[in-house]
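Geometric and topological summary
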Amino acid sequence: MSGTYLVTGGAGYVGSVVAAHLLEAGHRVTVVDDLSTGFREGVPAGADFVRGRIQDAADWIDGSYDAVLHFAASSQVGESVVHPEKYWRNNVGGTMALLDAMRSAGVRTLVFSSTAATYGEPEEVPITEGSVTVPTNPYGASKLAVDHMIAGECAAHGLAAVSLRYFNVAGAYRSAHGALGERHDPESHLIPLVLQVALGQRESISVYGDDYPTPDGTCVRDYIHVADLAEAHLLALDAAEPGEHLVCNLGNGNGFSVREVIRTVREVTGHPIPETVAPRRGGDPAFLVASADRARERLGWRPSRADLRDIVADAWAFARGRALENTPGGAA
């Protein structure tokens with residue numbers, strides 16, 4: 001059965017891919033984004049678009065929506081340390097305004113874009129939803145605060161909500177609604193940064209620390225394809241139960257080191273990818289790998305694109321396409 005869904009932050013990387021999946025499933029979709037970090041051309045063809053701030057949710061939400069999928073947030077870890085007030089204002093204050101507007105409009109289902117940053121430096125690997133949550137930066141703290149806020153809304157007002165805690169999202173997605181991939185400004189994610197070296201946009205890639213207690217000395221992370229991630233959101237809509245706040249990790253359960261990622265990009269692109277070893281960054285755990293058992297049990301979700309080479313190949317095709325579009329005489 002088709003539904004009508006509101007996607008906040010749907011002009012960004014993950015939100016746009018989820019919006020495209022909703023459209024492909026036959027649903028009606030409205031994207032709300034203030035375009036402070038998203039891109040108008042990232043809104044999938046077929047979705048309605050409203051330019052607006054999450055803090056003004058009462059101005060654009062009404063009872064016609066079956067559910068809200070909430071991606072609108074500030075999400076740069078480094079920036080959150082320098083300007084924590086922005087993260088409390090946007091992520092926490094903005095979500096509070098959204099919850100108030102949903103309650104007033106009678107919209108009683110929410111899927112929230114949470115993050116593995118809520119866990120901080122893990123005491124155990126793989127990380128489960130029962131692991132201790134001690135965020136190491138204001139970004140992670142703000143997302144954890146929103147999770148607590150949602151839990152209270154469910155208990156007090158009967159909201160049906162699912163928080164999905166992502167690990168490292170990567171790759172790109174192509175559909176009838178357009179090609180969608182990472183295009184952060186500034187870019188902070190490893191795979192697109194390494195691809196910038198292959199495109200000649202960056203001289204080398206920095207490896208922050210090569211003395212971690214890992215097989216090759218570099219940090220190990222759990223990479224999940226953005227299309228697998230999007231499919232989990234559609235399953236979460238069906239799994240949401242009134243009065244329950246369900247929290248699920250999303251990851252492959254496999255880790256790849258920084259040097260494994262660089263080696264895979266070399267293989268996919270044919271570029272040598274020079275690397276430079278730099279000092280460790282504060283707060284970078286050696287291992288961040290998810291247990292996604294709960295997502296399998298409660299959502300019926302299983303990632304189908306777990307091969308790192310496939311993730312990198314999709315991201316490479318998207319990055320090359322964008323580079324060609326931005327080259328004089330390139331494709332429009």
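An account of the accompanying structure is given in this report. (Residues numbered from 1 in each chain as written. Predicted model: local features only at pLDDT ≥ 70, side-chain atom pairs only at ≥ 80, totals over all residues. Heavy atoms only, no water.)

**Re the side chain of Ser 291**
- Checked against the element boundaries, Ser 291 lands in the loop between strand 16 (287-288) and helix 9 (293-299).
- For Ser 291, a relative accessible area of 10% gives the class buried.
- Ignoring sequence-local partners within four residues, the contact set of Ser 291 consists of Pro 126, Ile 127, Thr 128, Glu 129 and Asn 249. (Helix = DSSP H or I, 4+ residues; strand = E, 2+ residues; numbered from the N terminus. Buried < 20%, exposed > 50% of the residue type's maximum accessible area, 1.4 Å probe, protein only. Contact = heavy atoms within 4.5 Å.)

**Observations concerning the packing of aromatic side chains**
- This model, assessed by the stated rule, comprises 1 aromatic pair.
- A centroid spacing of 6.4 Å and a plane angle of 85° characterise the contact between Tyr 87 and Tyr 139, whose relative ring orientation is edge-to-face. Of the two residues, Tyr 87 sits in helix 4 (residues 84-105) while Tyr 139 sits in helix 5 (residues 138-157), which places them 52 residues apart along the sequence. Judged on exposure class, the residue Tyr 87 and its partner Tyr 139 are both buried.
- Taking the ring centre of Phe 39 as reference, the NZ or CZ of Arg 183 above it sits at 4.0 Å.
- Lying over the aromatic face of Tyr 212, Arg 280 brings its terminal NZ or CZ to 3.9 Å of the ring centre. (Phe/Tyr/Trp six-rings, centres within 6.5 Å; stacked < 30°, edge-to-face > 60°. Lys NZ or Arg CZ within 6 Å of the ring centre and 35° of its normal.)

**Here's the deal with the pattern of salt bridges**
- Scanning the entire structure with this criterion turns up 18 salt bridges.
- Where Asp 228 meets Arg 305, a salt bridge forms, and the shortest distance between an N and an O atom there is 2.5 Å. Taken together, the residues Asp 228 in helix 7 (residues 226-239) and Arg 305 in the loop between helix 9 and helix 10 (308-325) connect sequence positions 77 residues apart.
- Using a relative accessible area of 0% as the deciding quantity, one classes Asp 228 as buried.
- Relative accessible area serves as the criterion here: at 24%, Arg 305 is assigned to the partly exposed category. (Salt bridge = Lys/Arg side-chain N within 4 Å of Asp/Glu carboxyl O.)

**Let's talk about the sheet that holds strand 2 (residues 28-33)**
- Strand order in the open sheet formed by 7 strands is 3-2-1-4-5-6-13, with parallel pairing between adjacent strands. Two strands in the sheet have a free side with no partner beyond their single neighbour: strand 3 (48-51) and strand 13 (245-250). Adjacent strand axes in the sheet meet at a mean angle of 20° when their direction is disregarded.
- Against the sheet, helix 5 touches strand 5 (109-115), strand 6 (160-166) and strand 13, its axis set at about 155° to strand 5. (Pairing = 2+ DSSP bridges. Axes fitted to C-alpha atoms, helices over the stretch in contact; angles between N-to-C directions.)

**Things to note about helix 1 (residues 13-24)**
- A rise of 1.5 Å per residue sets the reference length of helix 1, with its 12 residues, at 16 Å; its end C-alpha atoms lie 17 Å apart and thus fit the reference within 8%.
- Counted residue by residue, helix 1 has 11 buried out of 12 residues, so it is predominantly covered.
- For helix 1, the set of buried residues is Tyr 13, Val 14, Gly 15, Ser 16, Val 17, Val 18, Ala 19, Ala 20, His 21, Leu 22 and Leu 23.
- Note on helix 1: the residue one or two positions beyond its end, Gly 26, has a positive phi of about 90°. (Expected span 1.5 Å × (residues − 1).)

**Structural notes on the packing of helix 1 against helix 7**
- Contact geometry of helix 1 with helix 7 gives a least axis separation of 9 Å together with a crossing angle of 60°. The orientation of helix 1 relative to helix 7 falls into the category oblique. Of the two elements, helix 1 crosses helix 7, and the hand of that crossing is right-handed. The segment helix 1 lies against helix 7, with Tyr 13, Val 14, Val 17, Val 18, His 21 and Leu 22 engaging Val 226, Ala 227, Leu 229, Ala 230, Glu 231, His 233, Leu 234 and Leu 237.
- For the contact of helix 1 with helix 7, the class distribution of residues is 11 nonpolar, 2 polar and 1 charged. (Parallel < 35°, antiparallel > 145°, perpendicular 65-115°, else oblique. Left-handed = near helix turned anticlockwise from the far one by under 90°. Nonpolar A, V, L, I, M, F, W, Y, C, P; charged D, E, K, R; others polar.)

**Thoughts on the nonpolar core**
- Residues Val 14, Leu 22, Leu 69, Leu 164, Leu 250 and Leu 299 are the most contacted members of the largest nonpolar core, which totals 44 residues.
- Listed by contribution, the elements that provide at least two residues to this core are strand 1 (4-8), helix 1, strand 2, strand 4 (67-70), strand 6, helix 7, strand 13 and helix 9.
- Once residues lying within four places of it in the same chain are set aside, the contact partners of Leu 250 are Leu 164, Arg 165, Tyr 166, Phe 167, Ile 224, Leu 229, Ala 232, Ala 295 and Trp 301. (Core = buried A, V, L, I, M, F, W, Y, C linked by side-chain atoms within 4.5 Å.)

**Quick look at the environment of Ala 179**
- Note on placement: Ala 179 falls in strand 9 (residues 178-180).
- Separated by 61 residues in sequence, Ala 179 and Thr 118 have C-alpha atoms that sit 30 Å apart.

**Regarding the environment of Asp 216**
- The residue Asp 216 is located in the loop between strand 10 (205-208) and strand 11 (220-221) in this model.
- In this structure Asp 216 touches Asp 210, Ser 257, Arg 259 and Glu 260, once residues within four positions along its chain are discounted.
- One polar contact links Asp 216 to Thr 218, side chain to side chain, over a distance of 2.7 Å.
- Side-chain polar atoms of Asp 216 contact the side chain of Ser 257, separated by 2.6 Å. (Polar contact = N/O pair within 3.5 Å; in protein donor to acceptor, adjacent residues only side chain to side chain.)

**Some thoughts on the sheet that holds strand 11**
- Within the open sheet, the 3 strands sit side by side as 14-11-16. Their pairing is mixed. Edge strands, defined here as strands with exactly one partner in the open sheet, are strand 14 (256-257) and strand 16.
- Bridge analysis of strand 11 against strand 16 gives 2 bridges, and the strand direction is parallel. Within strand 16, the residue paired with Val 220 across the bridge is Phe 287.

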